[in-house]
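The chain contents come next:
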Amino acid sequence: MTKILNINSSVRNGDSISRKVTTEFINKWKAKDANAVVVERDLAAQPLPHIDGSTLGAFFTPAEQRTPEQAQIATLSETLVQELFDADVIVIGAPMYNFSITSGLKAWIDHVARAGVTFKYTDKGPVGLLTGKKVYIFTASGGIYSEGPAKVMDFNATYLRTVLGFIGLTDVTIINSEGVAMGEEGVNKALAKTSNTINELLPA
């Protein structure tokens, strides 16, 4: 039984390209694997608090030494981390906002990228602890950033690949839906290309 963690971060709903393509991917997966279990984490419908000093204090205090308030603060992060450890496959909808990820997705990362929990420091450098999992990232952008002159402005896919790799999620496939601000034709072209990629990733 495959456990899929589906994370969506677009603040848009029905007209979100990233939500549309992640839904297509999940539905195609479930059509092939009827026993797959999907856990949904919607970072727009249920936004996470951005971390503050109290949050960091709770993170860096050993569990047995936390005050009741710190224990309560850490509960959310521990839930999010457990969702990652439980998952076999992680599907992330990550639209590009101002050349990078959404603030909601950044908040999620700040809750799950934790020293001693999802990565550790060793005498040979940092080691990620979330291993043996497959990640699919579906980006959406108004322009073209995977190639050409704007490639240097892509701090979305490049950042996600880096930070996820740091916590051990190194098997990452990125699927770009690009040029969606270029009119209806651009949207249709992007969606068709993404659908073709999904069919290649999940052949019938």
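Residues numbered from 1 in each chain as written. Predicted model: local features only at pLDDT ≥ 70, side-chain atom pairs only at ≥ 80, totals over all residues. Heavy atoms only, no water.

J.: What am I meant to see in the pattern of salt bridges here?
T.: A side chain with one charge may pair with a side chain of the opposite charge, provided their charged atoms come close. For the structure on display, the rule yields six salt bridges. Taking the shortest distance from any N to any O, the salt bridge between Asp42 and Arg19 comes out at 2.9 Å. You can see Asp42 sitting in strand S2 (residues 37-42) and its partner Arg19 sitting in helix H1 (residues 17-32), a full 23 residues away along the chain. A residue is classified by how much of its surface remains accessible, and Asp42, at 22% relative accessible area, is partly exposed. Overall, Arg19 belongs to the buried group, its relative accessible area being 11%. (Salt bridge = Lys/Arg side-chain N within 4 Å of Asp/Glu carboxyl O. Helix = DSSP H or I, 4+ residues; strand = E, 2+ residues; numbered from the N terminus. Buried < 20%, exposed > 50% of the residue type's maximum accessible area, 1.4 Å probe, protein only.)

J.: Quick question: what am I supposed to make of the packing of H1 against helix H6 (residues 183-201) here?
T.: Helix-helix packing is described using two parameters, namely the angle between the two axes and the distance between the axes. Contact geometry of H1 with H6 gives a least axis separation of 10 Å together with a crossing angle of 25 degrees. Overall, the two elements H1 and H6 adopt an arrangement that is roughly parallel. In this structure, H1 crosses over H6, and the sense of that crossing is right-handed. Contacts between H1 and H6 involve Ile17, Lys20, Val21, Glu24, Phe25 and Lys28 from the first element and Val187, Leu191, Thr194, Ser195, Ile198, Asn199 and Leu201 from the second. Looking at the contact of H1 with H6 residue by residue, the classes come out as seven nonpolar, three polar and three charged. (Axes fitted to C-alpha atoms, helices over the stretch in contact; angles between N-to-C directions. Parallel < 35°, antiparallel > 145°, perpendicular 65-115°, else oblique. Left-handed = near helix turned anticlockwise from the far one by under 90°. Contact = heavy atoms within 4.5 Å. Nonpolar A, V, L, I, M, F, W, Y, C, P; charged D, E, K, R; others polar.)

J.: What exactly am I supposed to notice about helix H3 (residues 68-86) here?
T.: At 3.6 residues per turn, the α-helix brings residues three or four places apart onto the same side. The end-to-end C-alpha distance of H3 is 26 Å, a good match for the 27 Å that 19 residues give at a rise of 1.5 Å each. A bend of about 30 degrees at Thr75 is the largest found in H3. Contacts made by the buried residues of H3 are with strand S1 (3-8), S2, helix H2 (53-59), strand S3 (89-95) and helix H4 (103-112). (Expected span 1.5 Å × (residues − 1). Bend = angle between axes of the 7 residues up to and from the residue.)

J.: What is the right way to read the side chain of Glu83 from this model?
T.: Here Glu83 lies in helix H3. The class of Glu83 is buried, set by a relative accessible area of 16%. Apart from the residues within four sequence positions on either side, Glu83 is in contact with Leu5, Val39 and Arg41.

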